[in-house]
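# Observations on the three-dimensional arrangement
Residue strings, one per chain:
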Amino acid sequence: DGDLGVLASVSPLIVIVRGQSVILDRDLAALYGVKTGALNQAVKRNPDRFPPDFMLQLSESEQVTLGARFRHLQKVKYSRTQACAFTAQGAIMAANVLNWARAVEASVLVVRAFVKLRELLFTHKELAKKFNMGVLIITHYKRMLNYIPPSKAHLLKDGQVAASSGPALADE
C-alpha cells in the first residue's frame, strides 16, 4: 500500500513537541530538496504565514532532549541556532512560500504521513505496536498524559534526565 510506504519513510521524522506533531526544519528541507537555510529564510520573509500553531521555535533544552532521544536528530542538540518545528499546516505553508515544485509535491506526502500517523496512534494502537512505533512527548502540561498514557516517564531538569521510571513518575 502506497500510504504505508509514505508512512514508513516520513513518519520517523515526525516527533511530538509541546503536545503537537511536528517535523524539524532540517528534515522538512531535505524532503523538499532545499537547504535548511533556504527554508528558514523563506519562513523569515513570511512571518505572518507561520503562526504558533504552524511553527514552533525549539528551546535549547528541547533540542538537547530531541537530539538525545532520536538518532536522526543528534546534530540538533549541538546546533547554535534554534531549530524550527513545523506542524502539518506549517509544512504545507512552507512548501507554498518556497514556491518550488518538488516542495509542493513532497508536502502532500508529508501531510499524508501526519494524517496516517495520527490515525495509527489514536485509532489503531495495536498496529502502532506491531510496527514498534513510539512517541516522545515533551510537555509542561500533565493533562496531555490524559490523552496519551505513558509507558515510561522521564523527568527533565535543565535539559537533563533527572529521573526515569514507569507511568507513576508522571503522576508525582
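Structure: above.
These numbers were taken from a predicted model, which means no experiment stands behind them. (Residues numbered from 1 in each chain as written. Predicted model: local features only at pLDDT ≥ 70, side-chain atom pairs only at ≥ 80, totals over all residues. Heavy atoms only, no water.)

### Examining the packing of aromatic side chains
A full pass over the atoms with the stated rule returns one aromatic pair. For the ring pair F50 and F86, a centre distance of 6.0 Å and an interplane angle of 75° mean the geometry is edge-to-face. Note that F50 is positioned in the loop between α3 (36-45) and β3 (55-57) and F86 in strand β4 (residues 84-86), a separation of 36 residues in sequence. The burial state of F50 is the same as that of F86; both residues are buried. (Phe/Tyr/Trp six-rings, centres within 6.5 Å; stacked < 30°, edge-to-face > 60°. Helix = DSSP H or I, 4+ residues; strand = E, 2+ residues; numbered from the N terminus. Buried < 20%, exposed > 50% of the residue type's maximum accessible area, 1.4 Å probe, protein only.)

### Section: the pattern of salt bridges
Enumeration over the complete set of coordinates arrives at one salt bridge. Among the salt bridges present, the one from E62 reaches R18, with a minimum N-O distance of 2.8 Å. You can see E62 sitting in helix α4 (residues 60-69) and its partner R18 sitting in the loop between β1 (14-17) and β2 (20-24), a full 44 residues away along the chain. (Salt bridge = Lys/Arg side-chain N within 4 Å of Asp/Glu carboxyl O.)

### Overview of the environment of V17
Relative to the helices and strands, V17 resides in strand β1. What makes V17 buried here is its relative accessible area of 0%. On a C-alpha basis, the gap between V17 and A85 in space is 8.4 Å, while along the polypeptide they are 68 residues apart.

### Here's the deal with the environment of Q74
Tracing the chain through its elements places Q74 in the loop between α4 and β4. Distance in space between the C-alpha atoms of Q74 and V64 is 8.3 Å, their sequence separation being 10 residues.

### What to know about helix α5 (residues 88-98)
One turn of an α-helix holds 3.6 residues; hence residues three or four places apart share an orientation. The buried count for α5 comes to eight of 11 residues, which makes it a mostly enclosed element. Looking at the residues trailing α5, positive phi occurs at N99, about 50°.

### Some details on the nonpolar core
Counting 28 residues, the largest nonpolar core has L28, Y32, L39, F50 and F86 as its most contacted members. Elements with a contribution of two residues or more to this core: α2 (25-32), α3, β4, α5 and α6 (101-123). Residues V15, L56, L66 and F70 belong to the second largest nonpolar core, which totals 12 residues. (Core = buried A, V, L, I, M, F, W, Y, C linked by side-chain atoms within 4.5 Å.)

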